[in-house]
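Residue-level structure breakdown
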Amino acid sequence: MKKISLFLAVFVTILALCSCGGKTETKEPVPTIDPSTLLTIDDVALATGYQPVLDGGAITTDGNYSKALYLSDPIGQDPVSIEITQYTDDITPEVVFYAYDTARALRSSAEEIPELGETAFVAYPSINIYDRGCYIKITAGSGADENQKNQLLTLARIAVSKFEEQMPAPVIDESTSVEQK
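The rules we used
Residues numbered from 1 in each chain as written. Predicted model: local features only at pLDDT ≥ 70, side-chain atom pairs only at ≥ 80, totals over all residues. Heavy atoms only, no water. Helix = DSSP H or I, 4+ residues; strand = E, 2+ residues; numbered from the N terminus. Buried < 20%, exposed > 50% of the residue type's maximum accessible area, 1.4 Å probe, protein only. Contact = heavy atoms within 4.5 Å. Areas by Shrake-Rupley, 256 points an atom, 1.4 Å probe, with all protein chains shown as cover. Pairing = 2+ DSSP bridges. Phe/Tyr/Trp six-rings, centres within 6.5 Å; stacked < 30°, edge-to-face > 60°. Core = buried A, V, L, I, M, F, W, Y, C linked by side-chain atoms within 4.5 Å.

Side note on the overall build of the protein
- Across its full length, the protein holds five helices and eight strands.
- Across the protein, helices and strands are ordered from the amino to the carboxyl terminus as α-α-α-β-β-β-β-α-β-β-β-β-α.
- The burial tally for the protein puts 36% of its 181 residues in the buried class.
- Residue pairs at least 24 apart in sequence account for 54% of intrachain contacts in the protein once pairs closer than 6 positions are excluded.
- Element-wise, carbon and sulfur atoms account for 57% of the exposed surface of the protein, whose accessible area totals about 11,100 Å².

Printed below as a string of structure tokens:
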């Protein structure tokens, strides 16, 4: 009888411990953003004045990186590309920010653009945006002048607006977070 009582006591204790600490948060999976949904063929046509086609009819994806490349049809105009490096369950937003910040540090001519995403800069021929744990790079136009800057800003505003509708802000674990500078 003592053995049964001891067994029941141990069993009840194990159940109590499992029920108290057994709650685990189910994290929502990080959505994968298709860059061709941020800048569609119509968006590119509006910003460039030519009819683009998606190169190869598809986007390129490699891990947490994806790219859409739009070419003019017929060929002859500057291409437009949009690249996204996303955070994942395994790659933190801090790691993605480091890639963005490194790109900015390497470009002495980088011009800060305060109204886009969390932080953004133009370094011709591209505009670079960090927002919601992701790094978006849009390359378009030529000339390194106000016309190219305006084209980049037009494309970036469209892309960031759609991006913020699709990508929730990342949940940062404050106990392991590294402060961004």
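A short note on unusual backbone geometry
- Going from Asp 73 to Pro 74, the amide bond is cis rather than trans, its omega being 10 degrees.
- Within the element layout of this structure, Pro 74 appears in the loop between strand S3 (65-72) and strand S4 (80-85).
- For the peptide bond that leads from Tyr 124 to Pro 125, omega is 15 degrees, which places it in the cis range.
- With respect to the element layout, Pro 125 can be found in the loop between strand S6 (119-123) and strand S7 (126-131).
- Of note, Arg 132 is a non-glycine position whose phi angle comes to about 50 degrees, a positive value.
- Looking at the secondary structure, you find Arg 132 in the loop between S7 and strand S8 (134-139).
- A residue is classified by how much of its surface remains accessible, and Arg 132, at 22% relative accessible area, is partly exposed.
- Positive phi values are uncommon outside glycine, yet Ala 144 reaches one of about 50 degrees.

Section: the pairing of S4
- Here S4 lies mainly inside the structure; six of its six residues are buried.
- Here S4 shows a buried face lined by Val 80, Ile 82 and Ile 84 and a second buried face lined by Ser 81, Glu 83 and Thr 85.
- Pairing of S3 with S4, which is carried by six bridges, proceeds in the antiparallel orientation. Pairing of Tyr 65 across the sheet is with Thr 85, part of S4.

Description of the packing of aromatic side chains
- Summed over all chains, the structure comprises five aromatic pairs.
- Between the aromatic rings of Phe 97 and Tyr 130, the centroid separation amounts to 5.0 Å while the plane-to-plane angle is 80 degrees, which identifies the pairing as edge-to-face. A residue pair is termed long-range when its members are at least 10 positions apart, and Phe 97 in helix H4 (residues 93-105) and Tyr 130 in strand S7 qualify at 33 residues.
- Between Tyr 100 and Phe 121, the aromatic rings sit 5.4 Å apart at their centres with planes inclined by 55 degrees, giving tilted as the arrangement. On the criterion of sequence distance, the pair formed by Tyr 100 in helix H4 and Phe 121 in strand S6 is long-range, its members being 21 residues apart.
- Since its relative accessible area comes to 1%, Phe 121 is described here as buried.
- An aromatic cluster of at least three residues, connected via ring pairs, comprises Phe 97, Tyr 100, Phe 121, Tyr 130 and Tyr 135.

What about the nonpolar core?
- Counting 40 residues, the largest nonpolar core has Leu 39, Ile 82, Leu 116, Ile 127 and Ile 138 as its most contacted members.
- Among the elements that take part in this core, helix H5 (residues 146-166) stands out by supplying eight residues, more than any other.
- Not counting chain neighbours up to four residues away, the residues in contact with Ile 127 comprise Leu 116, Phe 121, Val 122, Ile 136, Lys 137, Ile 138, Leu 152, Leu 153 and Ala 156.

This is a description of form; function is not addressed.
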